[in-house]
Each structure stands twice: as C-alpha cells, then as structure tokens.
Amino acid sequence: AAEGFPAGPARVYPEIGLTFLHNDHILSRSQEEKGSFVTILSPRARLEHKQRANTYGLDFGMDIGRYASSSTDNYVDVQLGGEADWQIDRRSSFRLNADYLRGHDPRGSTDRGKTDEPDTWDSKGINGLFTYGMPRARIRLEGEAGYVAKRYKDFSRPEKTDDNDQKGLTGRVFYRVLPKTHVFLEADYTVVDYKLATSNLDSDVFNLSVGTEWRATAKTTGRAKLGYLRKDFDSDQRDDFNGLSWQVAVQWKPLSRSTIDIATGRYTTETTGIGDYLITRDISVTGTHVFAPRLSGSMGFYLAKTDFPTANGLDNERSDDTRRFSLSVGYDFLKWASVNGGVNFTDRDSNRDADDYDQRTIFLTLKAQF
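Residues numbered from 1 in each chain as written. Predicted model: local features only at pLDDT ≥ 70, side-chain atom pairs only at ≥ 80, totals over all residues. Heavy atoms only, no water.

## Overview of the pattern of salt bridges
Pairing between side chains becomes possible if they bear opposite charge and their charged atoms approach one another. Basically, it comes down to this: Counted as salt bridges are all cases of a side-chain nitrogen of Lys or Arg within 4 Å of a carboxyl oxygen of Asp or Glu. In this text, helices come from DSSP runs of H or I with a minimum length of four residues, and strands from runs of E with a minimum of two, each type numbered from the N-terminal end. Residue exposure (1.4 Å probe, protein chains only): buried if accessible area is under 20% of the type maximum, exposed if over 50%, otherwise partly exposed.
Under the definition given, this model contains 32 salt bridges. Between Arg 44 and Asp 63 there is a salt bridge, with the nearest N and O atoms lying 3.1 Å from each other. One end of the pair, Arg 44, is in strand 3 (residues 36–51); the other, Asp 63, is in strand 4 (residues 54–67), and 19 residues separate them in sequence. With relative accessibility at 28%, the residue Arg 44 sits in the partly exposed group. Glu 142 is paired through a salt bridge with Arg 140; the nearest N and O atoms lie 3.9 Å apart.

Dropping the structure here:
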C-alpha cells in the first residue's frame, strides 16, 4: 500500500506508470488493418487531507499515448478531480465530487464512419450524495444529484452532433434484513439534452429498480438490482425503449488466495452514429490467484451483445457480438514497484461484415506507487 508523503496537514500519494504494448489492429474495423507499437506514460497524484470524520481529496492524472506507426493517433488525456466527505452528524453525511476530463474516441470506437484522426472532447461533471441513517440502522436513505457536460473539440463531422448535457436525480431506500444484508428500492431520472439545435436525440431516461447488497460471509460479497427502464425521446422520429434492466456484481473467494469477480448487466447507451440508442447485454468473469506473496495472475473473459434499434427501420438489423479474453501476470519486485504483463484478444462479430474485426494486444506495464 502506498504510504505517501506529508504536504503540510495533508498527504500526497504520487504514482507513475509506463506501458509498452503492441496492438495488431489499432483502427478496429474490417476495411483496413494496421498494427503499431504504443507507449503510454501515466503519471498520477492524489492529495488527501483528513480532519476528524471528514476527508478531502484532489486527484490528477494523465495518459500520454504515442504510436510508433501512426502519429495521427497520438493522444494526451487528462483527469482532474476533487472530492469532499462530510460527516454532518451521527446519522447524516454528504459527499461532493467534481471532475474534469479531457479524452478522445480512438478511431474505430464509434459509428461515425471512417475518420482521419481521433475525436477529442472535454467533460465537466459534479455530483452530490446525501446519506441519512446509521450504518447499522434498519432503514437508510440516499439522495443523489449530478450534472455532466460533454463537448467535442476536434470532431470528424462539420457539426458537433454529440455535444450534450446530462442531468440526473437518484433516490434510494435501504432496508436491513440481516446484519450484513440490505434490500433497496432505487429510482433514477436523467435528462439528456443535445446542444445542436437540429438534433432529435433529446430524451428522458427513467429507471425504477429493486435490489440487494450483501456481505454474507468473508467469502462472498455482492450487489444486484433488477429494474424497469424507459427511454423517451422528445422527437417522434426516434424509437423509444421500454424494458428490463439489470446490474449484478459478485465477488467470490473460494480460497484464501483466489478471487472470482462476476458481473452482468443490461443497459442503454447513447448512439455514436448508428441507431437511436444502443442496448447491451453483457457478462464478465475474472479470476485472480496469488501464487506467492509477490506473484499473482489473472484470467478473464467478456461477452456482450449490442443491438442498434431505430424508428426508421434503416439500421435496426445491426447487431454485434463481442468476445474478449485476457490473461496477465503481475510481480511486485519492490514494496513500491510492480510489473504486469499479458495479452488481450478481442473479436467482434457483426451481422454487417464491415463491422467485424479481430484484435490482439500484448502489453507490459511498470508501475511505481509512493
């Protein structure tokens, strides 16, 4: 664990990572295959101050990617964030988060067609979470509100069609049925507002869910919820969605040195060029084993089916099946330094041949945490 350094009344936790990888298909499309060696430098730092029951933190990070065979795809992503946790009294607490992201969409990761360079964007967000109820209380209440604004800078189209604001409200009621098991009811409402005046993608998204979270034993923890999701577009030219949604995340420790993480979900996401929205069903399983105090390994797979429904019938036949397999080994050669290497295989099989692709990534990451 990182120990950090004193910085007045706070502590700073610096971290730096360096990744060398080879991606044999950086464009992620069937029409053109191109491989490249990539170097990614990832400096990070966290400044944290604890004052009695309150905690304040600032986070900074960068990912600087350089492609040996395609300088067009070089990028610099930036993450800035701040958080504050206030314990108001024995029953009430409030958490406030704010962040700024500068990122990019790699070529082939969206459905905007063939592009000559990645699309870059800025995202600004703020989120507040209020909790009322003692940790061991029979009933606990949560209220959450958030706002995210995303703006594209370098964009493949003349008009920035994907600029949007998202405002959300969420309420939760938890009821303790066992000492370490709660059931809950969650209502979530999000307004998606696209900034282009001629856009017809504005929508309201409502999700009502029931679920449970548990830590039944030292071997099993998890959270699961099942809900009804409705996405209503302001325009009649778009296809509304009504149906089931779910999120499940379970961690199982069959042995003291082994961990298995299982996650599955059904959810909608915003379109990036094809369809009125994307509806995805996925599942992932990852197993990790500690062979020795400093040596560990992991293996995982991911399966997803994504459909692209649309009201006008032009794109509703698009459907993708994505499979991903990963294998890695990590070694902590010092208390503050580690190395991790492995390989990822990705295969996307679409009923449109132009959207099929296979990809293999081999990587080696050096990381130091102080």
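The discussion continues.
## Thoughts on the pairing of strand 3
Here is the key point about a regular strand: its side chains alternate between the two faces of the sheet. Quick reminder of the rule: Strands qualify as paired when DSSP identifies two bridges or more between them.
Sheet analysis places strand 2 (residues 10–23) next to strand 3, joined by 13 bridges and oriented antiparallel. Considered in strand 3, the bridge of Glu 15 is made with Arg 44. Bridge count for strand 3 against strand 4 is 12 bridges, and the pairing is antiparallel. Among the inter-strand pairings, Ala 45 is bridged to a residue of strand 4, identified as Phe 60. The turn joining strand 3 and strand 4, which pair antiparallel and follow one another in sequence, is formed by 2 residues; a positive phi near 55° is taken by Arg 52.

## Considerations on the environment of Phe 184
Stated formally: Any pair of residues with heavy atoms lying within 4.5 Å of one another is described as a contacting pair.
As for its placement among the helices and strands, Phe 184 is situated in strand 10 (residues 181–194). For Phe 184 and Leu 141, which are 43 residues apart along the polypeptide, the C-alpha to C-alpha distance reads 9.5 Å. Non-local contacts of Phe 184, meaning those with residues more than four positions away in its chain, are made with Val 173, Phe 174, Ser 209, Val 210, Gly 211, Thr 212, Glu 213, Arg 223, Ala 224 and Lys 225.

## Details of the nonpolar core
Inclusion rule: Definition of nonpolar core: a set of buried residues of the types Ala, Val, Leu, Ile, Met, Phe, Trp, Tyr and Cys, connected through side-chain atoms within 4.5 Å.
One finds Val 192, Tyr 194, Leu 201, Val 205, Leu 229, Phe 233, Phe 241, Tyr 277 and Ile 279 forming the largest nonpolar core, which totals 9 residues. Elements with a minimum of two residues in this core: strand 10, strand 12 (220–233) and strand 15 (277–292). Ignoring any residue separated from it by four or fewer positions in sequence, one finds Val 192 in contact with Asp 165, Gln 166, Asp 202, Ser 203, Val 205 and Glu 270.

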